[in-house]
Amino acid sequence: MKNLIGLVSGLIFGIGLTLSGMTDPSRVRGFLDLFGDWDPTLAFVMGGAILVMGPAWLIQRRMAQPLGDSAFHLPGTQNLDGKLIGGAALFGIGWGLGGLCPGPAVAALGTAPLAAGVFVIAMLAGMMVHSWAIDRM
Amino acid sequence: MIIPGFPDAQPIQGLVGGLMIGLSAAIMLLGAGRIAGVSGVLARATGIAKSSMPRSMSIYFVVGLVLGGLAFALAFGPVAASYPPSLSLLAAAGLIVGIGTRLGSGCTSGHGVCGLSRLSRRSVVATATFMVSGIVTVAVVNALGGGW
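Residues numbered from 1 in each chain as written. Chains lettered and ligands numbered in written order. Predicted model: local features only at pLDDT ≥ 70, side-chain atom pairs only at ≥ 80, totals over all residues. Heavy atoms only, no water.

(A) Quick peek at the domain arrangement of chain B. Residue and element names in this part refer to chain B. Domains assigned within chain B are domain 1 (1–81) and domain 2 (84–148). Once you take the C-alpha centre of each, domain 1 and domain 2 turn out to be 17 Å apart. Counting residues at the interface gives nine residues for domain 1 and seven residues for domain 2. In total, about 620 Å² of surface goes out of reach between domain 1 and domain 2, with carbon and sulfur atoms giving 70% of it. The interface formed by domain 1 and domain 2 contains zero salt bridges. Our enumeration of links across domain 1 and domain 2 arrives at one residue pair in polar contact (both at pLDDT 80 or more). Among the elements that make up the side of domain 1 that touches domain 2, the one with the highest residue count is helix α2 (residues 38–45) (four residues). (Domains from an automatic or database assignment. Contact = heavy atoms within 4.5 Å. Buried area = accessible area lost by both parts, 1.4 Å probe. Salt bridge = Lys/Arg side-chain N within 4 Å of Asp/Glu carboxyl O. Polar contact = N/O pair within 3.5 Å; in protein donor to acceptor, adjacent residues only side chain to side chain. Helix = DSSP H or I, 4+ residues; strand = E, 2+ residues; numbered from the N terminus.)

(B) Fine view of the packing of helix α5 (residues 108–117) of chain B against helix α6 (residues 121–143) of chain B. Residues and elements named next belong to chain B. α6 packs onto α5 with a crossing angle of 130 degrees between their chain directions and a minimal axis gap of 9 Å. By the criterion of interaxial angle, the relationship of α5 to α6 is oblique. Note that α5 runs across α6; the crossing there is left-handed. Between α5 and α6, the residues in contact are T108, G110, H111, G112, G115 and L116 and R122, S123, V124, A126, T127 and F130, respectively. In terms of residue class, the contact of α5 with α6 is made up of four nonpolar, seven polar and one charged. (Axes fitted to C-alpha atoms, helices over the stretch in contact; angles between N-to-C directions. Parallel < 35°, antiparallel > 145°, perpendicular 65-115°, else oblique. Left-handed = near helix turned anticlockwise from the far one by under 90°. Nonpolar A, V, L, I, M, F, W, Y, C, P; charged D, E, K, R; others polar.)

What follows is the structure, encoded as structure tokens:
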């Protein structure tokens, strides 16, 4: 059941990202080019996603457990620390440089294997650097 | 549909694609009780990080994500995409995104979609931070003549 939920959720996510143009790095870069030739498409994507997820959270609050598991597994951390802000700032730099974030990069692996592949391999290397070096401190 | 002043924007495709992303995240939340955050799920699927998500489920999600992109291309033809001019720039960007998303515990999907809609304080701050940081990065690259 969980595997099926994972597969279906991933499939819909991948189709949505591709339909919305988010697997096109120049379009994402256009959204971040606020002081240049701004492309507001990404705002519609996030708006659409939140339009569904807002009510989903309201439903979640009334559920004792999810449909396919015995308990919810949700992040409960509240504190704003340097890791969160520094990590998000770093992520934004890479996002602006390449026009790609993790979801679109993975969703583009089948349609643009070379470019998306280079990005994803480097991203996995970055995640390993984090778990080996930074996470131990 | 064209928004006056923004001839290249695709608001309808963006909105419908966004609704699908929301549906996907809602299935993950209400079905499996978990956050559809791609950086976290990917780190779990590759064994780089541990999480509460069973590894097989994370692999199924990642495979679905790739198949979703492929299915769209099979149904509607080639996907328009222009990438940065150099692979080394892409690699550098990927490396930074990998470190940043792990350090900051999430990316556009986990913080930007799931966290913002939950009104999570951490996600609101993270999303504002990576938006500003991305906008500044593009402005600086453009000012240095490196735009693409």
